[in-house]
Amino acid sequence: MSNFHSVNLREGLCNGCTACVTVCPTEAVRVNSQKAEIMTTRCTDCGACLRACPNHAKTGRVDNMKDLDNYKYKIALPDPAIFGQFAPDVQPERILGSFLSLGFDEVFDVATACDLVSKKIKEKIVKTNHPLISASCPAVIRLIQALYPDLIKNLVTIEAPLEVAGQLARKKAIERGLDSEDIGIFYISPCPAKVTAVKRPVARKKSSVNKVLSIVDLYGNILKFANMKNTKTLQLKASGKGYGWARAGGESLAVGAYNNVVVDGIEHVTKVLGEIEIGKLPNVDYIECWACVGGCVGGPLVVENPFIARVKIRKKAELLNNNVQSSGIDKLDHSIFEWEEEIKPRQIMSLDNNMTVAISKGKKLQEILSKLPGYDCGACGAPTCRAHAEDFVQGSIQSTRCVFKK
Ligand code: SF4
Ligand code: SF4
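The present account deals with the structure reproduced in this document. (Residues numbered from 1 in each chain as written. Chains lettered and ligands numbered in written order. Predicted model: local features only at pLDDT ≥ 70, side-chain atom pairs only at ≥ 80, totals over all residues. Heavy atoms only, no water.)

1. Topic: the overall build of the protein
Our working rule: Runs of H or I in DSSP of at least four residues are treated as helices and runs of E of at least two as strands, each being numbered from the N terminus. We compute the radius of gyration from the C-alpha atoms alone; for a globule the expected value is 2.2 Å times N to the 0.38, where N is the number of residues. Three exposure classes are used, based on accessible area relative to the maximum for each residue type with a 1.4 Å probe and protein chains only: buried under 20%, partly exposed in between, and exposed over 50%. By definition, residues are in contact when any of their heavy atoms lie within 4.5 Å. Computed with the Shrake-Rupley method and a 1.4 Å probe, the accessible areas treat only the protein chains shown as cover for residues.
Secondary structure summary: the protein contains 13 helices and eleven strands in total. Relative to the compact-globule value of 22 Å for 406 residues, the protein shows a C-alpha radius of gyration of 22 Å, a close match. Residues counted as buried form 56% of the 406 residues belonging to the protein. In the protein, the proportion of contacts linking residues at least 24 apart, taken out of those at least 6 apart, comes to 78%. Here the protein has roughly 18,300 Å² of accessible surface; of this, 51% comes from carbon and sulfur atoms.

2. So, the sheet that holds strand S11 (residues 286-290)
Note the following rule: Any two strands with at least two DSSP-identified bridges between them are counted as paired. An axis is simply a line fitted to the C-alpha atoms; with a helix, the fit covers only the stretch in contact. Between two such axes, the angle follows the N-to-C directions and lies from 0 to 180 degrees.
Within the open sheet, the three strands sit side by side as S7-S11-S10. Their pairing is parallel. On the outer flanks of this sheet lie strand S7 (132-133) and strand S10 (260-264), each paired with one strand and no other. Sheet analysis places S10 next to S11, joined by five bridges and oriented parallel. Within S11, the residue paired with Asn260 across the bridge is Tyr286. In the packing of helix H10 (residues 266-277) onto the sheet, contacts are made with S7, S10 and S11, and the angle to S11 comes to roughly 150 degrees.

3. Quick notes on the packing of helix H4 (residues 138-147) against H10
Short version of the rule: An angle below 35 degrees is treated as roughly parallel, one above 145 as roughly antiparallel, one from 65 to 115 as roughly perpendicular, and anything else as oblique. Less than a right angle of anticlockwise turn of the near helix away from the far helix marks a crossing as left-handed, whereas a clockwise turn marks it as right-handed.
Their axes nearest at 11 Å, the elements H4 and H10 cross at an angle of 50 degrees. In terms of orientation, H4 and H10 fall into the oblique class. Read as a crossing pair, H4 and H10 show a hand that is right-handed. Two secondary-structure elements touch here, H4 through Val140, Leu143, Ile144 and Leu147 and H10 through Ile266, Val269, Thr270, Leu273 and Glu277.

4. Some thoughts on the sheet that holds strand S9 (residues 211-214)
Spatially, four strands are ordered S6-S5-S8-S9 in an open sheet, and the strand pairing comes out parallel. The strands lining the two open edges of the sheet, one partner per strand, are strand S6 (106-107) and S9. In this sheet, strand S8 (residues 183-189) lies alongside strand S5 (residues 73-78) in parallel orientation, the contact comprising six bridges. Note that in S8 the partner of Pro78 across the bridge is Ile188. Sitting on the sheet, helix H7 (residues 215-226) is in contact with S8 and S9, with an inclination near 65 degrees to S9.

5. Here we look at the site of ligand 2
For the record, the criterion: Residues are counted as near a molecule or strand when any one of their heavy atoms sits within 4 Å of it. Three classes are used, and their members are as follows: Ala, Val, Leu, Ile, Met, Phe, Trp, Tyr, Cys and Pro are nonpolar, Asp, Glu, Lys and Arg are charged, and the others, Gly among them, are polar.
Surveying the vicinity of ligand 2 reveals the residues Cys137, Pro138, Pro190, Cys191, Ala193, Lys194, Trp290, Ala291, Cys292, Gly295, Cys296 and Gly299. In the shell around ligand 2, the residues fall into nine nonpolar, two polar and one charged.

6. Concerning the packing of aromatic side chains
Rules: In this scheme Phe, Tyr and Trp rings, the latter by its six-membered ring, pair at centre separations within 6.5 Å, and the angle between planes marks the pair as stacked below 30 degrees, edge-to-face above 60, and tilted otherwise.
All chains considered together, the criterion is met by five aromatic pairs. Summarising the aromatic geometry, the rings of Phe86 and Tyr219 are spaced 4.7 Å apart at their centres and angled 20 degrees between planes, so their arrangement reads as stacked. Of this pair, Phe86 sits in the loop between S5 and helix H2 (92-101) while Tyr219 sits in helix H7, placing them 133 residues apart in sequence. Exposure remark for Phe86: the relative accessible area of 1% places this residue in the buried category. Ring centres of Phe99 and Phe104 lie 5.9 Å apart, and the angle between their planes is 65 degrees; on these two criteria the pair is classed as edge-to-face.

7. Some remarks on the pairing of strand S2 (residues 29-32)
The two faces of S2 match: Val29 and Val31 on one face and Arg30 and Asn32 on the other face are all buried. Both S2 and strand S3 (residues 35-38) contribute to a ladder of four bridges, which runs antiparallel. Within the sheet, the bridge partner assigned to Arg30 lies in S3 and is Glu37. Between S2 and S3, which follow one another and run antiparallel, lie two residues, and Ser33 among them has a positive phi close to 45 degrees.

8. Brief notes about the pairing of S9
Because side chains alternate across S9, one face comprises the buried residues Lys211 and Leu213, and the other comprises Val212 and Ser214, equally buried. Looking at chain direction, S8 and S9 are connected through four bridges and run parallel. Note on S9: the bridge partner recorded for Phe186 is Lys211.

9. Quick word on H4
Burial analysis of H4 places nine of its ten residues in the buried class, the great majority of the element. Where the residues of H4 are buried, they touch S7, helix H6 (192-199), H10 and S11.

10. Some details on the pattern of salt bridges
How we decide: For this document, the term salt bridge refers to a Lys or Arg side-chain nitrogen within 4 Å of an Asp or Glu carboxyl oxygen.
Under the criterion given, the structure shown has 21 salt bridges. A salt bridge links Arg30 to Asp391, with the shortest nitrogen-to-oxygen separation between them at 2.4 Å. Of the two residues, Arg30 is situated in strand S2 and Asp391 in helix H13 (residues 385-393); the sequence distance between them amounts to 361 residues. Accessibility assignment for this pair places Arg30 and Asp391 in one class, buried.

11. What to know about the side chain of Lys361
Structurally, the position occupied by Lys361 is in helix H12 (residues 355-369). Not counting the four nearest positions on each side in its chain, Lys361 is found in contact with Leu351, Asp352, Val393 and Gln394.

12. Digging into the nonpolar core
Heads up, the rule is: Nonpolar cores are built from buried Ala, Val, Leu, Ile, Met, Phe, Trp, Tyr and Cys residues. Side-chain atoms within 4.5 Å join them into one set.
Ile82, Phe99, Ile133 and Leu273 are the most contacted members of the largest nonpolar core, which totals 65 residues. Secondary structure elements with two or more residues in this core: H2, H4, S8, H7, H10, S11 and helix H11 (306-319). Considering every element that reaches this core, the biggest residue donor is H7, with six residues. Phe99 has contacts with Ala76, Pro78, Ile82, Phe104, Val107, Ile188, Leu218 and Ile222, leaving out every residue within four places of it along the chain.

13. Considering a nonpolar patch on the surface
Our working definition: Each patch groups residues whose relative accessible area exceeds 30% and which form no salt bridge, using 9 Å between like charges and 5 Å between nonpolar side chains of Val, Leu, Ile, Met, Phe, Trp and Tyr.
Nonpolar side chains collect at one region of the surface, where Tyr375, Val403 and Phe404 lie side by side and expose about 350 Å² of accessible area between them. As for its placement among the helices and strands, Tyr375 is situated in the loop between H12 and H13.

14. A closer look at the environment of Asp376
Stated formally: Contacts described as polar in this section are N or O atom pairs within 3.5 Å, which, within protein, must combine one atom able to donate a hydrogen with one able to accept it, while residues neighboring in sequence count only if both atoms come from side chains.
Examined against the element boundaries, Asp376 turns out to sit in the loop between H12 and H13. Residues Asp376 and Asn323, spaced 53 residues apart in sequence, show a C-alpha to C-alpha distance of 50 Å. Looking at Asp376, its side chain comes within polar contact range of the main-chain nitrogen of Cys385, at 2.9 Å.

Written out as structure tokens, the structure is:
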């Protein structure tokens, strides 16, 4: 599991068009012999390539409903993004209830954890004197580890709502007399990055969540059950602000960060992180970054158009109580909110760990680059001329394949 990646290539569907190559923020994709390849050391599971592929050759590696059979007591943890997926007449209470019809014994609404996490983040903002970066999007965390390691110190060291929800759901079930081994916690995810956050967490050894299902895979059945008269309804317990976490800007609203910046879409996130790194946003308290356009409502494993889903979530949230629901938070063991481990940088772009070797490779790279035209067209299968020259220097290709070579 240590090298687990959720974004996966279905080779049979790939025709080597290179659409995925240029969108990857960490230059993790190459096309060789007319098939895409993902360099797992570089991939952040952001899903940009998944979205860009016209042939649907990239997919998120998720668990499936058969996994429910492995547990005596099954708890569903639906991400708030799910509430933006359905037509306005499908009540959120019925969406939650439909998980019981699907075979779950209990539903723990992740939006309730969003409320608790909001309160904890607010405390951090008050106590800190430098810009804090939200750590809620796991793709952004991995991007920072890989490309902006100096910004690791700016990340809010508070667990994401999905992990807090998993811990609370398990704890409550154990308090009711269940054996931890019998409890299966299933997070219902909008994205591959959150699958990887569960299977290979960055700030803890093991996630409290057991399995991850995708919203897109469950959509049809939820819709079917939500429309059946005998499906139970479950009360919404989170505030409108808790549900609002599903859209970009919702987290800042919930944590009360008004001196803030909200950035969504991985290419915009990379630009803004670069600006923070060189000190261009000194007067901002909180920076909310989402890899997906619109936030999690725009995740690669959802159904609805992100712009429509975003409005639906906002409208639903506005109908609810907008006071963050954090009653009882003082009785909780607060270690559930804190990262267990420090996040470390990932050295993915350096030519070599040995300085002498790196310098010699750098010289060779410049020599090859001087013979390439700098069009960055992707025809060679690499995202840029530099990446192509680097592949050669690193020995992953035996000759340069530039069609425009001088
Ligand atoms: S998931 Fe993101 S980081 Fe990984 S290969 Fe695709 S675009 Fe690159
Ligand atoms: S914005 Fe949300 S859906 Fe998209 S990668 Fe980040 S956590 Fe996943």
